[in-house]
Amino acid sequence: MINFEEELKRFFPSLEIEDSEEAIYRQDMTDAADLLLGVIREDYAGYSETPTE
Amino acid sequence: MICFRCGAPLSESDFCNACGVDVRRYKKIVYAANSCYNDGLERACVRDLSGAEHSLKQCLKLNKNHIEARNLLGLVYFETGETAAALTQWVISKNISGTNNLADEYIDRFQSNQSRVETMSTTLKKFNKGLELAQGGSFDLSIIQLRKVLSMNPKYVQAHNLLALLYFERGDFEKARREIDRTLDIDRGNITALRYLNEVNAHLGIPDDKNSKGIRIFDNPSAQVIRSGNETLIQPLNDREPLGLGAFIQIGLGVLIGLAITYFLVVPAKERAAQEAANAELYAYGETIDEKNATISELESRVSALEQNNITLSDSLAQYEGSNGAVDANNYLISAAMAYIDPNQDATQVSEYLELIGDDYVETSSSYEFKELYTYLLNDIGDSVAQNYYDTGLSYFNNGDYTLAISYLSKAYMYNANNDNALYYLAMSYYESGDISTATDKLNTLIESFPTSSLVDKARQRLDEMSY
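Note that the coordinates shown come from a computational prediction; the quantities given were computed from them, not determined experimentally.

Draft legend 1. Region of the structure containing the overall build of chain A. Across its full length, chain A holds 3 helices and 0 strands. Every one of the 53 residues in chain A was classed for burial, and the buried ones make up 30%. Carbon and sulfur atoms provide 50% of the accessible area of chain A, an area that totals close to 4100 Å².

Following this line, the structure appears as structure tokens:
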């Protein structure tokens, strides 16, 4: 059974064209590769960052 | 594939040849992202746009630099009416990679038509306004606003869904069903629309299984509804067409209606057209007649002028000719003069020529010189010819030939106006021939001209006799 009020809450205002610039700047561009890189950097924090020969 | 750390191209090895970082997990992430992109692309091809959006977002969460996934995501947003979100993805894509990027083309195409940009912007604003009205409880105004939005952008999925929800809340299940169908035409995997569809079908008594050919007879027993996928067939029951007399009556009514339409609409129009044509022709004839009349009037004027000119010329000619003709009169006078001076001719010859000249010409049209010569000749030969004429006329009078008597006695009096006897017998000749008025005139002339004449008493006596 559809609950009108609950369903209505699921609708969100659409992004307007004037707001798209701000939306671009606010975009979270972190992906899995960034996370992986962060993990690797943490792992290497106690080690030298230059590759061993 | 490039190394996430140093950017060097990666080989099949699990380590980067440049910086030596372990790339095994990175490669798995990239492969997973590609897999999500492929899934998103498959879903987009079958119009499962909601599913495609989900898969593509997953792809971008794994690999933000996946240009194809970002471009495709923008297309999916654009197709579902989220224009600003589409532009956002394309701009980000263009910033990640500016060369050979389809996002460039999408942005240029969109911005090339400024009116479309305005329309899209207005659509988004109106939807937001409609949503605000619905959340505020103004359902009717929200419905109006959403209809406007969908008239500007029929592919706006969110607007269809919201409108379906509002119709559902109002109890217009058929209208809600229509909006849901439109949503599913655009986005077959739209979860919201599918949920609404189940609810609406339940209210309409339609089975959930879209593939079934379930039959539902509505409250109206004259029809049955067959649903097959997204198609709805409504077949009337007991719809046998009327046969026999009813059919003929209906055909007859149709013929009568057609005749009535023809009589009241077509025939007057044709009559009016024919009348106008006839009037135009009549007008043309009228103009022609007017032209002819004008020509006739002009010709009549010219004829009248010519006739007048003819009269004038005839009068001028008559002036020259006289009653006997001016040329002849001159010739006669000359002949009389020649006869006068010719010793071999006598006065009789002269008088004959002079008699050919009319008295009216001598009196009215002759010149002074003509009249002088005429009078001279007449006076000179008058006495001798007058006596001859008198004797001859008297002879005819005594013999009872009054016509000749009148002729000769007239000449006798003409040549000798002092001859009262000639005048008396001339009057008697007229009297005897029955011309009483002329006889009376002559007798009166005698009395006036010759008051001492011995014939005056006889003349008065004759006048008294004539008066009775």
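Draft legend 2. Quick look at helix α4 (residues 83–96) of chain B. With 14 residues, α4 of chain B ought to run about 20 Å at 1.5 Å a step, and its terminal C-alpha atoms sit 20 Å apart, in line with that. Of all 14 residues in α4 of chain B, 10 are buried, a share of seventy percent or more. All buried positions along α4 of chain B are accounted for by Thr83, Ala84, Ala85, Ala86, Leu87, Thr88, Gln89, Trp90, Ile92 and Ser93 of chain B. Buried residues in α4 of chain B make contact with α2 (20–26) of chain A together with α2 (49–62), α3 (67–79), α5 (102–112) and α6 (114–135) of chain B.

Draft legend 3. Here's a closer look at the pattern of salt bridges. Overall, the coordinates contain 19 salt bridges over all chains when judged by the stated rule. We note a salt bridge from Lys125 of chain B to Glu18 of chain A, for which the minimum N-O separation is 3.2 Å. One end of the pair, Lys125 of chain B, is in helix α6; the other, Glu18 of chain A, is in the loop between α1 (4–9) and α2, on a second chain. The class of Lys125 of chain B is partly exposed, set by a relative accessible area of 39%. With a closest N to O distance of 3.1 Å, Lys57 of chain B and Glu53 of chain B form a salt bridge. Here Lys57 of chain B and its partner Glu53 of chain B are both found in helix α2, 4 residues apart, which amounts to about one turn of the helix. Among the residues examined, Glu53 of chain B registers a relative accessible area of 24% and is labelled partly exposed.

Draft legend 4. Spotlight on the nonpolar core. Of all hydrophobic cores here, the largest spans 58 residues; its most connected members are Phe127, Leu162, Leu165 and Ile180 of chain B. A total of 9 residues in this core trace back to one element, the largest contributor, which is helix α8 (residues 157–170) of chain B. Counting only domains with at least three residues in this core, you end up with domain 1 (24–112) and domain 2 (136–236) of chain B. Leaving out residues up to four positions away in the same chain, Leu162 of chain B has contacts with Leu8 and Phe11 of chain A together with Phe127, Leu131 and Leu146 of chain B. By size, the runner-up hydrophobic cluster in this structure holds 42 residues, among which are Val350, Phe370, Ala412 and Leu443 of chain B.

Draft legend 5. Expanded view of the packing of aromatic side chains. Residue and element names in this part refer to chain B. Under the defined criterion, the tally for this structure stands at 14 aromatic pairs over all chains. For the pair Tyr263 and Phe264, a centre-to-centre distance of 5.0 Å together with 80° between the ring planes defines the contact as edge-to-face. Of the two residues, Tyr263 and Phe264, both sit in the exposed class. Here the aromatic residues Phe78, Trp90, Tyr106 and Phe110 are joined through ring pairs into a cluster of three or more.

Draft legend 6. Highlighting the side chain of Gln158 of chain B. Residue position: Gln158 of chain B is located in helix α8. If sequence neighbours within four positions are ignored, Gln158 of chain B has contacts with Phe11, Phe12 and Ser14 of chain A together with Glu82 and Phe127 of chain B.

Draft legend 7. Expanded view of the packing of helix α13 (residues 347–356) of chain B against helix α16 (residues 402–415) of chain B. Residues and elements named next belong to chain B. For the pair α13 and α16, interaxial distance at closest approach is 13 Å and the crossing angle is 95°. Considering the angle they form, α13 stands roughly perpendicular to α16. Every residue of α16 that contacts α13 at Ser351, Leu354 and Glu355 is listed here: Lys411, Met414 and Tyr415. In terms of residue class, the contact of α13 with α16 is built from 3 nonpolar, 1 polar and 2 charged.

Draft legend 8. Up close: the interface of chain A and chain B. Each partner contributes to the interface: chain A provides 29 residues, whereas chain B provides 47 residues. Between chain A and chain B, a total of about 3400 Å² is buried, with carbon and sulfur atoms accounting for 66% of that surface. A per-residue breakdown of the area chain A buries against chain B is headed by Phe4, Phe11 and Ile17 of chain A, which together make up 21% of the total. Applying the counting rule to chain A against chain B returns 3 salt bridges. Between Glu7 of chain A and Arg195 of chain B there is a salt bridge, with its nearest N and O atoms 2.5 Å apart. Summed over the shared surface of chain A and chain B, the result is 15 residue pairs in polar contact (both at pLDDT 80 or more).

Rules and cut-offs
Residues numbered from 1 in each chain as written. Chains lettered and ligands numbered in written order. Predicted model: local features only at pLDDT ≥ 70, side-chain atom pairs only at ≥ 80, totals over all residues. Heavy atoms only, no water. Helix = DSSP H or I, 4+ residues; strand = E, 2+ residues; numbered from the N terminus. Buried < 20%, exposed > 50% of the residue type's maximum accessible area, 1.4 Å probe, protein only. Areas by Shrake-Rupley, 256 points an atom, 1.4 Å probe, with all protein chains shown as cover. Expected span 1.5 Å × (residues − 1). Contact = heavy atoms within 4.5 Å. Salt bridge = Lys/Arg side-chain N within 4 Å of Asp/Glu carboxyl O. Core = buried A, V, L, I, M, F, W, Y, C linked by side-chain atoms within 4.5 Å. Domains from an automatic or database assignment. Phe/Tyr/Trp six-rings, centres within 6.5 Å; stacked < 30°, edge-to-face > 60°. Axes fitted to C-alpha atoms, helices over the stretch in contact; angles between N-to-C directions. Parallel < 35°, antiparallel > 145°, perpendicular 65-115°, else oblique. Nonpolar A, V, L, I, M, F, W, Y, C, P; charged D, E, K, R; others polar. Buried area = accessible area lost by both parts, 1.4 Å probe. Polar contact = N/O pair within 3.5 Å; in protein donor to acceptor, adjacent residues only side chain to side chain.

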